[in-house]
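The primary structure of each chain is shown beneath.
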Amino acid sequence: MAKYCRMLFVWLVVFCMAPLFVEAQVRHEISFPDIPGYKTLKCDLHTHTVFSDGDVWPSVRAEEAWREGLDVVAISDHIEYQPHKEHVKHDHNASYQIAAEKARSLGVLVIKAAEITRGTPPGHYNALFLDDASELEVDAFVDAVRIANEQGHFVFWNHPLWKGIEKGRWQDIQQQLYDSGWLHGIEVANGSDYYPEVHEWCLEKNLTMVGNSDIHRPSMIEVSTADNHRPMTLVFASDVTPEAIRDALHAGRTAVWMEEKLIGKKQYIEAIFDGSVEVRPPHFRQKAGFYVHMINRSHMNIELKRMGDVGPEEIILEANATSVVQIKHPENDRPASLEYEVANFLIAPGKGLPVTLAIAGVRAGRTAVD
Ligand SMILES: [Zn+2]
Ligand SMILES: [Zn+2]
């Protein structure tokens, strides 16, 4: 009998304490270093909810962003395409309000945005940092972009090549927006698509590169990893505020992480490389060379291809890990410079970031092979 009383007591304790053990909403961080002067914010600037053609309630977008290690998510429902409007109230500001309320308790930032949606050309454009999204519901496409700009927004062209290169090429309408100063960026990546042509346009025209999920369905990602993560824009901002993010976007301080690639202007992805990779002095020297530890503190696998004479032809530095690398070098006590290209850090289409890995020599008074 005493045994049953004890069991009953244990069950009562568990039952009464249960509310204290509600499962926490956990987040797994995405590791990219801050760069000199700026925080590196992980942002998805293009997502949908049931308030346009998405399949999820807006608060879910905030929860997904938190869980996957993002800092910022823009809710950018279509202004002109509302397939659920029979069942969901037609209000262009509602999806932001619902997502932002959830986001406040999680500590993730939601940006109010909208997708100006027309046939291609001109295509689809996201306007960020909106005051009142309903003001964009006007007949003429150019008027919608003008109104977005009058409110001081950031406007980018979405998935330019989704209807093929012929419809998605740079046309008069894009030139008109660009000449008016109304087009500030373009998606070089959207979902699983990377557009080398767009990468080139951004470099030529000094437009901001962004890359986003354009997610419509629920995200199935539990933990973002090097090979399973949503495409995102890294924004280098002075603070985690809409104002600082807007300044960074207008200044072109971004890089795009999609699949195994980091895409961006050289100065920014070089700063990410410098903050991520550390080459330690050799820990073991032999007559034929030495062994070094190479540390990669980023969330990406880094693919190094040899450009000079020294070092292995290819080195893969696994994400968030330390690799042991053997370097054949007959002058094993001398400093060495290893010339490589980071094949998956793209400073232009098909062109990786050139880097020099410096290996320390043996300090005076010590011998190379002890
Ligand atoms: Zn679109
Ligand atoms: Zn979209």
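Residues numbered from 1 in each chain as written. Chains lettered and ligands numbered in written order. Predicted model: local features only at pLDDT ≥ 70, side-chain atom pairs only at ≥ 80, totals over all residues. Heavy atoms only, no water.

1. Some remarks on the coordination of the zinc ion (ligand 1)
- Within the protein, the atoms that donate to the zinc ion (ligand 1) are Glu115 (OE), His124 (ND1) and His159 (NE2), at distances of 2.0 to 2.2 Å.
- Spacing between the donor residues of the zinc ion (ligand 1) along the chain follows E-x8-H-x34-H.
- Here the zinc ion (ligand 1) and the zinc ion (ligand 2) are spaced 3.4 Å apart, linked through Glu115, which binds each one. Here Glu115 and His124 have matching classes, each one buried. (Donors = N, O, S within 2.8 Å, 3.2 Å for Na, K, Ca; no water. Buried < 20%, exposed > 50% of the residue type's maximum accessible area, 1.4 Å probe, protein only.)

2. Notes on the packing of helix α2 (residues 58-67) against helix α3 (residues 94-106)
- Where α2 contacts α3, the axes come no closer than 7 Å and their chain directions differ by 35 degrees. For the pair α2 and α3, the crossing hand works out as right-handed. Between α2, through Pro58, Ser59, Ala62, Glu63 and Trp66, and α3, the contact on the second element is made entirely by Ser95, Ile98, Ala99, Lys102, Ala103 and Leu106.
- Looking at the contact of α2 with α3 residue by residue, the classes come out as 7 nonpolar, 2 polar and 2 charged. (Axes fitted to C-alpha atoms, helices over the stretch in contact; angles between N-to-C directions. Helix = DSSP H or I, 4+ residues; strand = E, 2+ residues; numbered from the N terminus. Left-handed = near helix turned anticlockwise from the far one by under 90°. Contact = heavy atoms within 4.5 Å. Nonpolar A, V, L, I, M, F, W, Y, C, P; charged D, E, K, R; others polar.)

3. Overview of the nonpolar core
- Of all hydrophobic cores here, the largest spans 48 residues; its most connected members are Leu262, Phe273, Met294, Leu304, Phe345 and Leu357.
- Residue contributions to this core peak at 6 residues, all from strand β18 (residues 336-348).
- In this structure, Leu262 is in contact with Leu234, Ala255, Val256, Trp257, Ile269, Ile272, Met300, Asn344, Phe345 and Leu346, ignoring residues within four places of it in sequence. (Core = buried A, V, L, I, M, F, W, Y, C linked by side-chain atoms within 4.5 Å.)

4. Quick word on the side chain of Asp71
- With respect to the element layout, Asp71 can be found in the loop between α2 and β2 (72-75).
- In this structure Asp71 touches Arg27, Thr40, Leu41, Lys42, Val108 and Leu109, once residues within four positions along its chain are discounted.

5. Section: the packing of aromatic side chains
- Throughout the structure, instances matching the rule amount to 12 aromatic pairs.
- Between Phe154 and Phe156 the ring centres are 6.2 Å apart and the planes differ by 50 degrees, which places this aromatic pair in the tilted class.
- Taking relative accessible area as the criterion, Phe154 reaches 0% and is therefore assigned buried.
- Under the relative-accessibility criterion, Phe156 is labelled buried at 0%.
- A network of ring pairs unites the aromatic residues Tyr125, Phe141, Trp157, Trp170, Tyr178 and Trp201 as a single cluster.
- Above the ring of Phe129, the side-chain terminus of Arg246 is found at 5.5 Å from the ring centroid. (Phe/Tyr/Trp six-rings, centres within 6.5 Å; stacked < 30°, edge-to-face > 60°. Lys NZ or Arg CZ within 6 Å of the ring centre and 35° of its normal.)

6. Remarks on unusual backbone geometry
- Geometrically, the link from Thr120 to Pro121 is a cis peptide bond, its omega value of -15 degrees lying close to zero.
- The amide bond that connects Pro121 to the next residue, Pro122, takes the cis arrangement and shows omega of 5 degrees.
- Residue placement: Pro122 occurs in the loop between β3 (109-117) and β4 (124-128).

7. Observations regarding the coordination of the zinc ion (ligand 2)
- At 2.0 to 2.3 Å from the zinc ion (ligand 2) lie its protein donor atoms, namely His46 (NE2), His48 (NE2), Glu115 (OE) and Asp214 (OD).
- Each of the 4 donor atoms around the zinc ion (ligand 2) contributes to a set of angles spanning 80 to 166 degrees, which defines the coordination as irregular.
- Here the donor residues of the zinc ion (ligand 2) share one chain and are spaced in sequence as H-x1-H-x66-E-x98-D. (Tetrahedral: all angles 85-135°; square planar, octahedral: opposite > 155°, others 65-115°.)

8. As for the packing of helix α4 (residues 141-150) against helix α6 (residues 172-179)
- For the pair α4 and α6, interaxial distance at closest approach is 12 Å and the crossing angle is 25 degrees. Taken as axis vectors, α4 and α6 run roughly parallel relative to one another. Handedness of the crossing formed by α4 with α6: right-handed. Here Phe141, Val142 and Val145 of α4 lie close against α6, whose contacting residues are Ile173, Gln176 and Leu177.
- In terms of residue class, the contact of α4 with α6 is made up of 5 nonpolar, 1 polar and no charged. (Parallel < 35°, antiparallel > 145°, perpendicular 65-115°, else oblique.)

9. Details of the pattern of salt bridges
- Counted according to the given criterion, the structure contains 17 salt bridges.
- Residue Glu29 is joined to Arg27 by a salt bridge in which the shortest nitrogen-to-oxygen separation is 2.9 Å.
- On the accessibility criterion, Glu29 (49% relative accessible area) is partly exposed.
- Overall, Arg27 belongs to the buried group, its relative accessible area being 16%.
- Residue Asp71 pairs with Lys42 through a salt bridge whose shortest N-O separation is 3.5 Å. Of this pair, Asp71 sits in the loop between α2 and β2 while Lys42 sits in strand β1 (residues 39-47), and the two are 29 residues apart along the sequence. (Salt bridge = Lys/Arg side-chain N within 4 Å of Asp/Glu carboxyl O.)

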